[in-house]
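Letter by letter, the chains look like this.
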Amino acid sequence: MPIEDKTLKLCSCNHTMKLDAQGLAAALKSGGTIALHTELCRKQAGSFQAALGDPEVLVACTQEAPLFSELAAAAGSKAELRFVNIRETAGWSAQGSQATPKVAALIAAAALPEPAPVPSVEYKSGGELLVIGPSAAALDWAQRLADALQPSVLITRREGGELPSQRGYPVWSGRARKLSGWLGAFEVEWEQDNPIDLELCTRCNACVEACPEGAIDFTYQIDLAKCRSHRACVKACGAVGAIDFSRADVLRKESFDLVLDLSPEPLLRMPDLPQGYLAPGGDPLEQALAAAKLARLAGEFEKPKFFQYKERICAHSRSGITGCNRCIEVCSTGAITPEGDHVRVEPHLCAGCGGCATVCPSGAMTYAYPSVPDLGLRLKTILSTYREAGGTDACIVFHNAEAGRGALEALGRRAVRGGKGLPARAIPLEVHHIASLGLDTLLGALCYGASQVGVVCTEESEPYVAALREQMALGETILHALGYEGVHFELIQAGELEKRLWEMRPAQTAASPAGFNLSPEKRTSLDFELDHLHREAKAKKDRIELTRGAPFGTLAINKQTCTLCKACVGACPESALIDATEVPALRFIERNCVQCGLCAATCPEKAIELVPRLLFGAQAKESVVLNEAQPFHCVRCAKPFGTKQMVDNMLAKLSGHSMFAGGVRRLQMCADCRVVDMVENKSEATIFDYPKQ
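Bear in mind the structure is a predicted one, so any value in this text is a computation, not a measurement.

Trainee: I tried to follow the overall build of the protein chain on my own but got confused; where do I start?
Mentor: The secondary structure content of the protein chain amounts to 21 helices and 32 strands. Here the protein chain has a C-alpha radius of gyration of 34 Å; the compact-globule value for 693 residues is 26 Å, and the former is much larger. With respect to the principal axes defined by its C-alpha atoms, the protein chain has extents near 105 × 90 × 45 Å. A separation threshold of at least 6 residues defines the contact pool for the protein chain, and within that pool the share at least 24 residues apart is 69%. Accessible surface, the protein chain as shown: approximately 32700 Å² in total, 52% of it carbon and sulfur. Charged side chains of the protein chain number 73 positive and 81 negative; the gap between the two group centres comes to 4 Å.

Written as structure tokens, this is what we have:
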């Protein structure tokens with residue numbers, strides 16, 4: 001990857017990295033020598049400042065990025081600054097002296113243009129906060145947050161505390177029934193389950209004084225376990241009417257921007273909670289951290305719209321019959337819900353994991369942050385630069401931007417005290433979330449020359465482990481069947497990162513790297529990848545048998561029961577099943593089939609069975625006849641209008657019906673001739689033959 005248009009500042013970090021400046025210059029096609037600094041952030045900062053007149057400056061250091069940015073701002077520089085970590089990820093390693101190809105690959109990737117921007121999703125929060133939970137904690141945090149936010153309180157349990165003497169914010173009591181929404185748009189429903197309505201209560205203390213059991217405290221709620229139904233409190237309350245033991249209007253509903261849920265068991269239980277909802281439980285430290293975070297969530301915010309959805313090819317449902325639910329099942333936020341024959345994605349709830357795109361068999365759901373073509377370009381650049389610099393057996397290590405990055409950096413830091421850091425062949429590549437890594441990305445890395453792909457799994461990734469393992473298992477099945485030996489894909493727990501990376505043995509991959517780019521269309525990318533891997537394989541198999549659930553396959557048709565009604569053609573969202581207009585026949589294009597099962601579920605004769613497999617070559621993309629039948633000709637005009645088998649089945653089922661007591665000949669006519677026959681048959685009874693009653 002040439003970087004002549006960028007100024008590269010390279011530093012060995014006080015001689016702790018063995019960097020080959022000459023080798024890097026050749027690998028990066030820099031067109032000259034690359035100056036190697038030792039203390040760029042300290043004594044040699046002037047060298048960085050001297051480069052600030054250049055349009056683009058790439059600094060091979062991330063630790064001091066804030067300092068370099070500050071120096072650029074102080075100088076009024078308009079240079080575009082970029083930073084890349086080559087220290088923890090490459091130089092600090094037991095194989096640091098062999099890491100020149102990896103360093104070149106990391107720099108080349110950092111020099112690439114930023115991915116194209118994607119549409120954003122907006123949030124507006126006025127700071128209206130609902131605190132839900134036991135009385136003491138809920139009232140305390142509402143009081144603390146009153147200066148920064150506009151709190152309200154829903155007391156779910158009497159547990160000490162007192163209502164403030166001044167009514168500065170709304171306080172309700174009851175049992176929460178439903179919570180939905182997101183930052184700026186939460187809806188909370190609760191059931192008023194205490195006789196005292198805190199909205200009506202004037203806090204005059206008359207009920208507290210009147211209660212003979214002392215069942216009312218200064219939260220102004222009645223302890224129903226102590227109450228003996230004297231109803232002295234009702235009399236004391238008088239015309240205020242705040243106390244009603246037989247209240248009918250118990251259901252309440254309000255809207256809020258933020259929710260602090262202090263309940264022992266959170267109201268929302270999902271791996272990824274909506275923005276603006278925090279559930280720290282009863283731990284005081286966690287409550288304080290949650291409160292501090294909420295205090296910053298008043299204003300206008302935005303995030304990327306992480307997905308794109310093409311309902312035309314979605315295999316979720318047709319005519320009320322369900323086919324594929326994979327995106328709904330994998331979504332960790334509940335953002336994807338059924339909507340008729342398709343699905344609906346609420347962008348405000350989407351956390352951007354990309355799991356829906358990973359498991360989608362058709363590519364109806366695609367990941368947009370970054371897009372697959374952008375990620376493919378980075379893979380292609382990294383692996384081609386690494387290979388041209390003399391690197392072999394590359395292992396791409398995908399990780400996320402938070403815990404995954406931290407685990408890799410910790411590995412590099414520990415290389416100075418008995419640790420080993422990252423192997424020279426292990427090249428880290430950061431993604432927003434590892435759940436977005438589907439079969440197209442995994443196979444794409446191998447097509448571009450990677451020997452293996454490791455994926456760093458952290459705590460927040462746990463909900464997606466099953467889906468990732470499924471994708472990896474399918475990829476391994478295909479690769480092993482084609483003769484590619486070894487373990488190509490591995491999910492690595494962060495705590496075992498060093499051990500597993502050094503234990504991994506290079507796997508066999510394609511001898512020649514692919515030249516194509518990954519496509520925005522998932523099935524198109526897979527077509528290119530599978531064809532390339534098949535062409536480069538030692539085992540030239542025409543087909544591979546797969547397990548149930550694989551997104552490739554054919555159909556087995558029971559020709560004895562199939563009537564060629566073509567209901568399956570109308571149900572197929574991928575145009576895998578197509579009609580043959582010239583003859584009664586059912587045609588099929590195997591490469592289009594995603595094995596969603598809609599055809600089998602729609603077939604009235606249950607004549608279709610899914611057969612998972614992967615077919616290679618031109619035959620997979622050509623239409624084949626699955627079933628054909630003898631046409632039936634109209635007994636009146638001789639025009640073909642159906643199949644003989646279908647008409648025979650219809651005659652067998654309806655010949656004994658009372659409506660056809662006069663004969664079934666009309667069932668053997670085409671639609672036009674039936675109308676003519678009805679008009680010509682004067683002896684046939686009509687509605688006019690029956691007098692009004």
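Having seen it, we continue.
Trainee: Is there a simple way to think about unusual backbone geometry in this case?
Mentor: The general pattern is negative phi for most residues beyond glycine and trans for most peptide bonds. Cis geometry is adopted by the peptide bond preceding Pro-370, which originates at Tyr-369 and carries an omega value of -10°. For Pro-370, the location among the structural elements is in the loop between β20 (365–367) and α12 (372–388). Here Ser-575, not a glycine, exhibits a phi torsion of approximately 60°, which is positive. Its location among the elements puts Ser-575 in the loop between α18 (567–571) and β27 (577–580). The residue Lys-606 is not glycine, and still its phi comes out positive at about 50°. Structurally, Lys-606 is set in the loop between α19 (598–602) and β29 (608–615). Overall, Lys-606 belongs to the exposed group, its relative accessible area being 58%.

Trainee: Help me out: how do you make sense of the sheet that holds β29 in this one?
Mentor: Whether parallel or antiparallel, the strands of a sheet pair through hydrogen bonds between backbone atoms. The three strands are arranged β25-β29-β26 in an open sheet whose pairing can be described as antiparallel. Single-partner strands in this sheet number two, and they are β25 (543–545) and β26 (553–557). Ignoring strand direction, the axes of neighbouring strands in this sheet form an average angle of 45°. Judged from the three bridges that link them, β25 and β29 form a sheet pairing that is antiparallel. Bridged to Glu-545 within β29 is Arg-613.

Trainee: I'm lost on the packing of helix α14 (residues 439–447) against helix α15 (residues 465–481) in this one. Help?
Mentor: Any two packed helices are characterised by how steeply their axes cross, that is the angle between the axes, and by the distance between the axes. Closest axis-to-axis distance for the α14/α15 pair is 9 Å, and the angle between their directions is 45°. By the criterion of interaxial angle, the relationship of α14 to α15 is oblique. By crossing handedness, the relation of α14 to α15 is classed as right-handed. Of the residues in α15, those in contact with Leu-439, Leu-442, Leu-443 and Leu-446 of α14 are Gln-471, Met-472, Leu-474, Gly-475 and Leu-479. When grouped by side-chain class, the residues that make up the contact of α14 with α15 number seven nonpolar, two polar and no charged.

Trainee: Would you take a moment to explain helix α9 (residues 284–295) for this structure?
Mentor: Because the α-helix completes a turn every 3.6 residues, residues three or four places apart line up on one side. Here α9 contains 12 residues, and its C-alpha end-to-end distance of 16 Å stays within 8% of the 16 Å for a straight helix at 1.5 Å per residue. For α9, the set of buried residues is Gln-287, Ala-290, Ala-291 and Leu-294. Seen end-on, α9 carries its buried residues on one side only, within an arc spanning 100°. For α9, exposure combined with an orientation more than 90 degrees from the buried face picks out Leu-285 and Leu-289.

Trainee: Sorry, what's going on with the pairing of strand β19 (residues 342–345) here?
Mentor: Each regular strand shows side chains that alternate between the opposite faces of the sheet. Inspection of the sheet shows strand β18 (residues 336–339) paired to β19 by four bridges, in the antiparallel sense. Along β19, the bridge assignment pairs Glu-339 with His-342. Joining the antiparallel neighbours β18 and β19 is a turn of two residues, in which Gly-340 adopts a positive phi near 65°.

Trainee: What is the right way to read the nonpolar core from this model?
Mentor: Across soluble globular proteins, you tend to see nonpolar side chains buried next to one another. Ile-86, Ile-107, Ile-396 and Phe-398 are the most contacted members of the largest nonpolar core, which totals 76 residues. Ranked by residues supplied to this core, first place goes to helix α5 (residues 100–110) with eight residues. With sequence-adjacent residues up to four places away left out, Ile-86 is seen in contact with Leu-10, Met-17, Leu-19, Ala-60, Gly-91, Val-103 and Ile-107. Core analysis: the second largest hydrophobic core is formed by 57 residues, Val-131, Trp-182, Ile-313 and Ala-364 among them.

Trainee: Honestly, the side chain of Ser-135 in this entry has me stumped. Any pointers?
Mentor: On the secondary structure map, Ser-135 appears in helix α6 (residues 135–145). Within polar-contact distance, the side chain of Ser-135 engages the backbone nitrogen of Glu-159 at 2.7 Å. If sequence neighbours within four positions are ignored, Ser-135 has contacts with Ile-155, Arg-157, Arg-158, Glu-159, Gly-160 and Thr-219.

Trainee: Explain α6 to me, please; I cannot follow it from the model alone.
Mentor: Every buried residue of α6 is accounted for by Ser-135, Ala-138, Leu-139, Trp-141, Ala-142 and Leu-145. The buried residues of α6 occupy one face: seen down the axis, they fall within an arc of 165°. Residues of α6 that are buried make contact with β6 (128–134), β7 (150–157), β8 (171–173), β12 (258–261) and α9.

Trainee: Even after reading the chapter, I still don't get the environment of Ser-512, so can you show me in this structure?
Mentor: Position of Ser-512 among the secondary structure elements: in the loop between α16 (497–503) and α17 (522–536). Residue Ser-512 is classed as partly exposed on the basis of its relative accessible area of 35%. With sequence-adjacent residues up to four places away left out, Ser-512 is seen in contact with Cys-447, His-532 and Glu-536.

Trainee: How should the environment of Gly-281 be read in this particular structure?
Mentor: Following the sequence through the fold, Gly-281 ends up in the loop between β13 (277–278) and α9. If sequence neighbours within four positions are ignored, Gly-281 has contacts with Asp-261, Leu-262, Ser-263 and Gln-287.

Conventions and cut-offs
- Residues numbered from 1 in each chain as written.
- Predicted model: local features only at pLDDT ≥ 70, side-chain atom pairs only at ≥ 80, totals over all residues.
- Heavy atoms only, no water.
- Helix = DSSP H or I, 4+ residues; strand = E, 2+ residues; numbered from the N terminus.
- Rg over C-alpha atoms; globule rule 2.2 N^0.38 Å.
- Contact = heavy atoms within 4.5 Å.
- Areas by Shrake-Rupley, 256 points an atom, 1.4 Å probe, with all protein chains shown as cover.
- Lys, Arg positive; Asp, Glu negative; His and termini not counted.
- Charge placed at Lys NZ, Arg CZ, Asp CG, Glu CD.
- Buried < 20%, exposed > 50% of the residue type's maximum accessible area, 1.4 Å probe, protein only.
- Pairing = 2+ DSSP bridges.
- Axes fitted to C-alpha atoms, helices over the stretch in contact; angles between N-to-C directions.
- Parallel < 35°, antiparallel > 145°, perpendicular 65-115°, else oblique.
- Left-handed = near helix turned anticlockwise from the far one by under 90°.
- Nonpolar A, V, L, I, M, F, W, Y, C, P; charged D, E, K, R; others polar.
- Expected span 1.5 Å × (residues − 1).
- Arc of directions from axis to C-beta.
- Core = buried A, V, L, I, M, F, W, Y, C linked by side-chain atoms within 4.5 Å.
- Polar contact = N/O pair within 3.5 Å; in protein donor to acceptor, adjacent residues only side chain to side chain.

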